[in-house]
Amino acid sequence: MLFSSSFFSLLVLSLSLPSSALQTRDDSPVVTVPLVKHLNLVGLKNLVQRDVSRAKFLRERAQISLSVSLGLTSGQSTNEVTNSGFIYLATIGVGSPPTNYSLIVDTGSANAWVGAKTPYVPTDTSVKTADTVNVTYGSGSFTGHEYTDTVTIATDLVLEKQSIGVADNATGIDADGILGIGPTGLTRGTLKPSHNATIPTVVDTAREKGLICANQVGVYFEPYTNSAQIGELSYGGPDNSRFTGDLTFAPANRYWGVNQTIRLGDTTILSNTAGIVDTGTTLMLIATDAFEKYRDLTGAVLDEATTLLSITPAQFDKLPSLFFDIAGTTFELTPNAQLWPRVLNDQIGGTPNGLYLIVADSGAKSGSGLDFLNGYAFLERFYTVYDTDNHRVGFATTTHTNAETN
């Protein structure tokens, strides 16, 4: 059955949520966890195709969720794609004594699981439940069993009896597993036979046990350079040292969907519409008609080798900034931030001095309900806060917003 874009938009973004506002800095204590940036050489091949496949998957998942809510089907999306070009890894300990696992941080899912590479090691704290787990999403899939175990996120953030998936089979995952930090509702339907149950996320459990003061996660990434790459998750709220100015919060849905308008210089290429903020996407994907406007305004041409838009040095000198109008605040993506990192040109099949743009076609026209995906190209320039308690996403500038590293 086909659904209208209005139906899909209702699922992607709830417009009944309260309007957002600026929030000044909060000095409440948070628990910070370092992230390590991993360059996925496999994921860099056919980069655009992989991101577009993720966008297709997310549209399918939302459409299936809508059909289930209307009682039309109980089906599950089976579209599987592999990792994006960049991934950030968090080291998480499971068991007592703990075995450490490197997990991909994913805002587009909420299950936490291990065993894709490093095997799960049961200890005295490990309890196997009666449920199996099956998750299919944009960066792969896994099937296995649910356990409860002691999960160590940091020395002062240890979660006892936390639900954790243990993989019997995993595909398309270039890590030990996934640390999903999406809303809890995304876990519904992943257990069997407890199909209608939800699984408390690691953030839920930390909040319930009083280890953090709010069900919030702050996410900090940095643009790519040849030096060591770092990132950070902050549990319980934002890390004030990682952003500049104030946070702007926008109402969000279960997929961290928000509304934004995108302008290239003074020209609007995508009017106030729904999309998502996504750590599983490398590029900045926008609806086909918006992409065509961007291409024509920049004078860029499609490069066959990389499948990215390419511009000349003269065109780059005249390239305007992209402006994202989110909840009453404008965020500027500078010309340099619109470039693919030149030090990685050879990894995507480009020429050493080529100028390739990180804006790509999402594969669907505007009005689909998923008109943009703000991936790493956006997230490495702005600090974000995922606030489950208040159903909103926060945005702020960082010291890297205007960096010239690309």
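Structural data are supplied above this passage.
The structure presented is a predicted model; accordingly, all values stated were derived computationally and were not measured. (Residues numbered from 1 in each chain as written. Predicted model: local features only at pLDDT ≥ 70, side-chain atom pairs only at ≥ 80, totals over all residues. Heavy atoms only, no water.)

Mind showing me how you'd approach the side chain of Asp204 here?
Tracing the sequence through the fold places Asp204 in helix α4 (residues 202-208). The buried charged residue Asp204 lacks any salt bridge partner; its closest oppositely charged side chain belongs to Arg207, at an N-O distance of 8.9 Å. Within the structure, Asp204 has its side chain in polar contact with the side chain of Asn215 (distance 2.8 Å). Residues in contact with Asp204, not counting those within four places in the same chain, are Thr184, Ile199 and Asn215. (Helix = DSSP H or I, 4+ residues; strand = E, 2+ residues; numbered from the N terminus. Buried < 20%, exposed > 50% of the residue type's maximum accessible area, 1.4 Å probe, protein only. Lys, Arg positive; Asp, Glu negative; His and termini not counted. Salt bridge = Lys/Arg side-chain N within 4 Å of Asp/Glu carboxyl O. Polar contact = N/O pair within 3.5 Å; in protein donor to acceptor, adjacent residues only side chain to side chain. Contact = heavy atoms within 4.5 Å.)

Is there a simple way to explain unusual backbone geometry in this structure?
Both trends apply: most residues other than glycine have a negative phi, and most peptide bonds are in trans. Here the residue pair Ser96 and Pro97 is connected by a cis peptide bond, since its omega of 5° sits within 30 degrees of zero. Turning to its location among the elements, Pro97 is positioned in the loop between β3 (86-94) and β4 (99-106). Omega for the bond connecting Lys192 with Pro193 falls within 30 degrees of zero, at 15°, which places this linkage in the cis form. Summarising the element assignment, Pro193 is placed in the loop between β10 (191-192) and α4.

Can you help me understand the sheet that holds strand β20 (residues 329-333) in this one?
Within a sheet, neighbouring strands are paired by backbone hydrogen bonds and run either parallel or antiparallel to one another. Pairing within the open sheet is mixed, and its 7 strands lie in the order β20-β19-β14-β15-β23-β16-β22. On the outer flanks of this sheet lie β20 and β22 (359-361), each paired with one strand and no other. Each neighbouring strand pair of the sheet contributes to a mean axis angle of 35°, computed without reference to strand direction. Of the strand pairs in this sheet, strand β15 (residues 267-277) and strand β23 (residues 372-374) are connected by 2 bridges, and their pairing is parallel. Note that in β23 the partner of Val277 across the bridge is Asn374. Contacts between helix α5 (residues 288-298) and the sheet are confined to β14 (257-264), β15, β16 (284-286), β19 (322-326) and β22, with β15 contributing the most and set at about 135° to the helix. (Pairing = 2+ DSSP bridges. Axes fitted to C-alpha atoms, helices over the stretch in contact; angles between N-to-C directions.)

What exactly am I supposed to notice about the pattern of salt bridges here?
When the charged atoms of two side chains with opposite charge come close together, those side chains can pair. In this structure the tally under the stated criterion is 8 salt bridges. The residue Arg54 makes a salt bridge to Asp278 at a minimum N-O spacing of 2.5 Å. Of the two residues, Arg54 is situated in helix α3 (residues 47-69) and Asp278 in the loop between β15 and β16; the sequence distance between them amounts to 224 residues. Grouping residues by exposure puts Arg54 and Asp278 together as buried. Taking the shortest distance from any N to any O, the salt bridge between Arg295 and Asp296 comes out at 3.2 Å. The partly exposed category is assigned to Arg295, whose relative accessible area is 28%.

From the geometry alone we can't say anything about function, so treat these as descriptive.
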